[in-house]
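Below are the chains, spelled out letter by letter.
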Amino acid sequence: FCTAVFLPAAGQARAIAGFGLGLAANLAAWLWLPGLSWLWWNCLGFAVAMVPVLAAPGAWRAGVERVSIPGRQAAQLLTMTGIILAACLVIQYLS
């Protein structure tokens, strides 16, 4: 989703590769990191999925030039991301 909205110039192939890598990272976390809360899988999968997208030559620059996201929507997305990350930290700390 973030690739399509923020970096459309990266292309479909890199987005699908990122999806596959993110899924593989979550599978690896499930198999080899049993103590890791499943709430962290979202952060892990997202970070790993963005690697091939951000590694695309010129994807970042071309994507930024082509996409115009209203400031209010961008602020809402960043706020929700922060809330989700904070909730993950709190739940991990309390468990």
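Going by the structure above, here's the rest.
Remember, it's a predicted structure, so these values are computed and weren't measured experimentally. (Residues numbered from 1 in each chain as written. Predicted model: local features only at pLDDT ≥ 70, side-chain atom pairs only at ≥ 80, totals over all residues. Heavy atoms only, no water.)

1. A short note on the overall build of the protein
Then, in step 1: What the protein contains, in helices and strands, is 5 helices and 0 strands.
Then, in step 2: Ordered by position from the N terminus, the helices and strands of the protein form the series α-α-α-α-α.
Then, in step 3: Within the protein, buried positions represent 20% of all 95 residues.
Then, in step 4: Within the protein, residue pairs in contact and separated by at least 24 positions form 77% of the contacts whose partners lie at least 6 positions apart.
Then, in step 5: Counting only carbon and sulfur atoms, one obtains 72% of the accessible surface of the protein, whose full area is about 6,800 Å². (Helix = DSSP H or I, 4+ residues; strand = E, 2+ residues; numbered from the N terminus. Buried < 20%, exposed > 50% of the residue type's maximum accessible area, 1.4 Å probe, protein only. Contact = heavy atoms within 4.5 Å. Areas by Shrake-Rupley, 256 points an atom, 1.4 Å probe, with all protein chains shown as cover.)

2. Side note on the layout of surface pockets
Then, in step 1: In this structure, the largest pocket occupies an estimated 790 Å³ of space.
Then, in step 2: In terms of lining residues, the largest pocket is bounded by 25 residues, among which F1, C2, N42, F46 and M50 are the most central.
Then, in step 3: Elements with a contribution of two residues or more to the lining of the largest pocket: α1 (2-6), α2 (12-32), α3 (39-54) and α5 (71-94). (1 Å grid on protein atoms, 1.4 Å probe; cavity = no way out; pocket = protein on both sides within 12 Å on 5 of 7 lines; lining within 4 Å. Points joined across faces, edges and corners; volume = space filled by probe spheres on them.)

3. Quick notes on the state of the cysteines
Then, in step 1: One pass over the structure, following the stated rule, counts 0 disulfides.
Then, in step 2: Summary of cysteine pairing: C43 is not part of a disulfide, and the nearest cysteine sulfur, belonging to C88, is at 5.0 Å.
Then, in step 3: On the basis of relative accessibility, which here comes to 6%, the residue C88 falls in the buried class. (Disulfide = S-S within 2.5 Å.)

4. Here's the deal with the packing of α2 against α3
Then, in step 1: Axis separation between α2 and α3 bottoms out at 7 Å; the angle between their running directions is 145°. Note on packing geometry: the crossing formed by α2 with α3 is right-handed. Judged by residue contacts, R14, A15, A17, G18, F19, L21, G22, A25, N26, A29 and W30 of α2 engage W41, L44, G45, V48, A49, P52 and V53 from α3.
Then, in step 2: In the contact of α2 with α3, the residues fall into 13 nonpolar, 4 polar and 1 charged. (Axes fitted to C-alpha atoms, helices over the stretch in contact; angles between N-to-C directions. Left-handed = near helix turned anticlockwise from the far one by under 90°. Nonpolar A, V, L, I, M, F, W, Y, C, P; charged D, E, K, R; others polar.)

Limitation: the analysis is restricted to geometry and does not speak to function.
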